[in-house]
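Okay, here's what each chain looks like letter by letter:
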Amino acid sequence: MSQELLVTPLHALHIEMGAKMVPFAGYDMPVQYALGVRKEHIHCRESAGLFDVSHMGQLRLHGANAAKAIESLVPVDIIDLPEGKQRYAFFTNEQGGILDDLMVTNFGDHLFVVVNAACKEQDIAHIKAHLPEDVTLEIIEDRALLALQGPKAAQVLARLNPVVSDMIFMDAAKVELLGVECLVSRSGYTGEDGYEISVPSDKAEALARELLGQEEVEWIGLGARDSLRLECGLCLYGHDIDTTTTPVEGSLLWGISKPRRADGERAGGFPGADIILEQIKTKDIARKRVGLVGQSKAPVREGSKLFDADDNEIGVVTSGTFGPTKGAPVAMGYVKTDLAVIGTEIFAEVRGKKLPMTVEKMPFVPQNYYRG
């Protein structure tokens, strides 16, 4: 018997708004609304889009050694993360593979952690198994999570509280919205400027309706969320990165903090450190994640095999769609390292045909984060 799908606090509102719902990570989630995926994508790039991401896991870590505890599980500098700042991180395993990617925020008296919905239970178990006695993990069950994304997101949210205008990319603060204390970070997963807002579940619908009442804002579903993040070269866990890929293979070197590298003041000390640091040093990896842009109009989907000019199989596509902003098919995939060179022509197999694609630098469209 199939398990009943979970719902977010905004589920009834999605139904009311005519959303097409699909199962995703154990939840009944909106994949698109009346606008449709392409128009939602373009609207988010040009104006402001509202996303329900309440299916993600929200956690708090309490205790003086909370940062040290999390830092022992990720190749990222958490100990020196300033108060009011957020950082991207990933849990690694003993083989150097990626267990999940996550966001960590220092709110001063605690760390606020957001993990992926599909990995929520295993992440919680993983953290718990490695916590010292003086650090406690609190699983937040009573908050929703909204993402307001796009070039007009700041002016929209500033109408509810002008203090959000002063935040820059990866800032985080407790902000009052409609008389309710929310946890707001200037971040998101679309490549655009915007905010993620953790709001008490019972106040989420009022906040969502208030934001949707602004003329700039439209609901955006999972379909456009996927094409937006893909155009900006952002990984989707379980597709572009997983337990079999190391951060070096996944082209995520930027996510490994200097203090945790071989010559850093807190070198290693995370699962799989020997393997990952050796890969950084020798660059000896068999495959690498690359961006691919199609030369025809046909989209190339996840699972498509990749070939070189001599018809040798050289890799696989892990994410692919038509990029509405790029105006061409965009994809990510893994190829043999010697072919992971910008400008290399490779071929994706789609329904028996070999379609030409070019290895291109990611992001495929400019990232528009607000850095002040």
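Analysis parameters
- Residues numbered from 1 in each chain as written.
- Predicted model: local features only at pLDDT ≥ 70, side-chain atom pairs only at ≥ 80, totals over all residues.
- Heavy atoms only, no water.
- Helix = DSSP H or I, 4+ residues; strand = E, 2+ residues; numbered from the N terminus.
- Rg over C-alpha atoms; globule rule 2.2 N^0.38 Å.
- Buried < 20%, exposed > 50% of the residue type's maximum accessible area, 1.4 Å probe, protein only.
- Contact = heavy atoms within 4.5 Å.
- Areas by Shrake-Rupley, 256 points an atom, 1.4 Å probe, with all protein chains shown as cover.
- Lys, Arg positive; Asp, Glu negative; His and termini not counted.
- Charge placed at Lys NZ, Arg CZ, Asp CG, Glu CD.
- UniProt positions renumbered as here; feature names shortened; annotations may be inferred.
- Phe/Tyr/Trp six-rings, centres within 6.5 Å; stacked < 30°, edge-to-face > 60°.
- Lys NZ or Arg CZ within 6 Å of the ring centre and 35° of its normal.
- Salt bridge = Lys/Arg side-chain N within 4 Å of Asp/Glu carboxyl O.
- Pairing = 2+ DSSP bridges.
- Axes fitted to C-alpha atoms, helices over the stretch in contact; angles between N-to-C directions.
- Core = buried A, V, L, I, M, F, W, Y, C linked by side-chain atoms within 4.5 Å.
- Parallel < 35°, antiparallel > 145°, perpendicular 65-115°, else oblique.
- Left-handed = near helix turned anticlockwise from the far one by under 90°.
- Nonpolar A, V, L, I, M, F, W, Y, C, P; charged D, E, K, R; others polar.

## Comments concerning the overall build of the protein
Item 1. Scanning the protein from terminus to terminus reveals eight helices and 19 strands.
Item 2. The globule rule puts the C-alpha radius of gyration for 372 residues at 21 Å, and the 21 Å found for the protein is close to it.
Item 3. Sorting the 372 residues of the protein into buried and exposed places 58% on the buried side.
Item 4. Intrachain contacts of the protein at a sequence separation of at least 6 include 66% that bridge at least 24 residues.
Item 5. Accessible surface computed for the protein: about 16100 Å², of which carbon and sulfur atoms make up 51%.
Item 6. In the protein, 38 side chains carry a positive charge and 53 a negative one; their mean positions are 5 Å apart.

## Here's the deal with the UniProt feature "domain: GCVT N-terminal" (unreviewed entry) in the protein
Item 1. In this structure's numbering, the residues bearing the UniProt feature "domain: GCVT N-terminal" (unreviewed entry) are residues 10–257.
Item 2. Annotated as 24% helix and 31% strand, the span residues 10–257 places its first and last C-alpha atoms 36 Å apart.

## Things to note about the UniProt feature "domain: Aminomethyltransferase C-terminal" (unreviewed entry) in the protein
Item 1. Within this structure's numbering, the places UniProt gives as "domain: Aminomethyltransferase C-terminal" (unreviewed entry) are residues 287–365.
Item 2. Secondary structure within residues 287–365 divides into 0% helix and 57% strand; the distance between the first and last C-alpha atoms comes to 24 Å.

## Here's the deal with the packing of aromatic side chains
Item 1. Enumeration over the complete set of coordinates arrives at five aromatic pairs.
Item 2. Between Y88 and W254, the aromatic rings sit 5.2 Å apart at their centres with planes inclined by 25°, giving stacked as the arrangement. A residue pair is termed long-range when its members are at least 10 positions apart, and Y88 in strand β5 (residues 86–92) and W254 in the loop between α7 (222–231) and α8 (273–282) qualify at 166 residues.
Item 3. On the basis of relative accessibility, which here comes to 10%, the residue Y88 falls in the buried class.
Item 4. Summarising the aromatic geometry, the rings of F169 and Y369 are spaced 4.1 Å apart at their centres and angled 10° between planes, so their arrangement reads as stacked. One end of the pair, F169, is in the loop between α5 (153–158) and β10 (172–177); the other, Y369, is in the segment after β19 (353–360), and 200 residues separate them in sequence. For the pair formed by F169 and Y369, the shared burial category is buried.
Item 5. By way of ring pairs, the aromatic residues Y88, F90 and W254 are connected into one cluster.
Item 6. Over the aromatic face of Y334 sits the side chain of R287, whose NZ or CZ is 4.7 Å from the ring centroid.

## Regarding the pattern of salt bridges
When the charged atoms of two side chains with opposite charge come close together, those side chains can pair.
Item 1. Summed over the entire model, instances satisfying the criterion amount to 18 salt bridges.
Item 2. E231 serves as the salt-bridge partner of R45, at 3.0 Å between the closest nitrogen and oxygen. Here the residue R45 occupies a position in helix α2 (residues 37–46), and E231 occupies one in helix α7, the gap between them amounting to 186 residues.
Item 3. With its nearest N and O atoms 2.7 Å apart, the salt bridge here joins R266 to E71.

## With respect to the sheet that holds strand β15 (residues 305–307)
Item 1. The sheet built from six strands closes into a barrel, its strands ordered β14-β17-β16-β15-β18-β19 with antiparallel pairing. Taking each pair of neighbouring strands and ignoring which way they run, the sheet shows an average axis angle of 45°.
Item 2. Alignment of strand β18 (residues 345–350) against β19, held across six bridges, turns out to be antiparallel. Within the sheet, the bridge partner assigned to V350 lies in β19 and is K353.
Item 3. Those strands touched by α7 are β16 (313–323) and β17 (328–336), and its axis lies near 120° from that of β16.

## Some points on the nonpolar core
Item 1. Ranked by size, the top nonpolar core spans 33 residues in total, and within it L157 and I197 carry the most contacts.
Item 2. Of all the secondary-structure elements, those providing two or more residues to this core are β3 (48–52), β9 (143–149), α5, β10, β11 (180–185), β12 (194–200), α6 (201–212) and β13 (217–219).
Item 3. Beyond its immediate stretch of four places on either side in the chain, I197 contacts A144, L145, L146, L157, L177, C182, L183, V184, L207 and L211.
Item 4. Listed in part, the 24 residues of the second largest apolar core include M170, C232, L252 and I276.

## Comments concerning the packing of α2 against α7
Item 1. One can describe the packing of α2 onto α7 by two numbers: an axis separation of 8 Å at closest approach and a directional angle of 55°. Relative to α7, the element α2 is oriented oblique. Relative to α7, the crossing made by α2 is right-handed. Residue-level inspection shows V37, E40, H41, C44 and R45 of α2 in contact with α7, the latter providing G223, A224, S227, L228 and E231.
Item 2. Taken together, the residues of the contact of α2 with α7 sort by class into four nonpolar, three polar and three charged.

## Remarks on unusual backbone geometry
Residues apart from glycine generally show negative phi values, whereas peptide bonds are mostly found in trans.
Item 1. For the bond from M362 to P363, the omega torsion is 0°, close enough to zero to count as cis.
Item 2. With respect to the helices and strands, the residue P363 is situated in the segment after β19.
Item 3. A positive phi angle is found at R351, which is not glycine, with a value near 50°.
Item 4. By secondary structure assignment, the location of R351 is in the loop between β18 and β19.
Item 5. Owing to a relative accessible area of 80%, R351 belongs among the exposed residues under this scheme.

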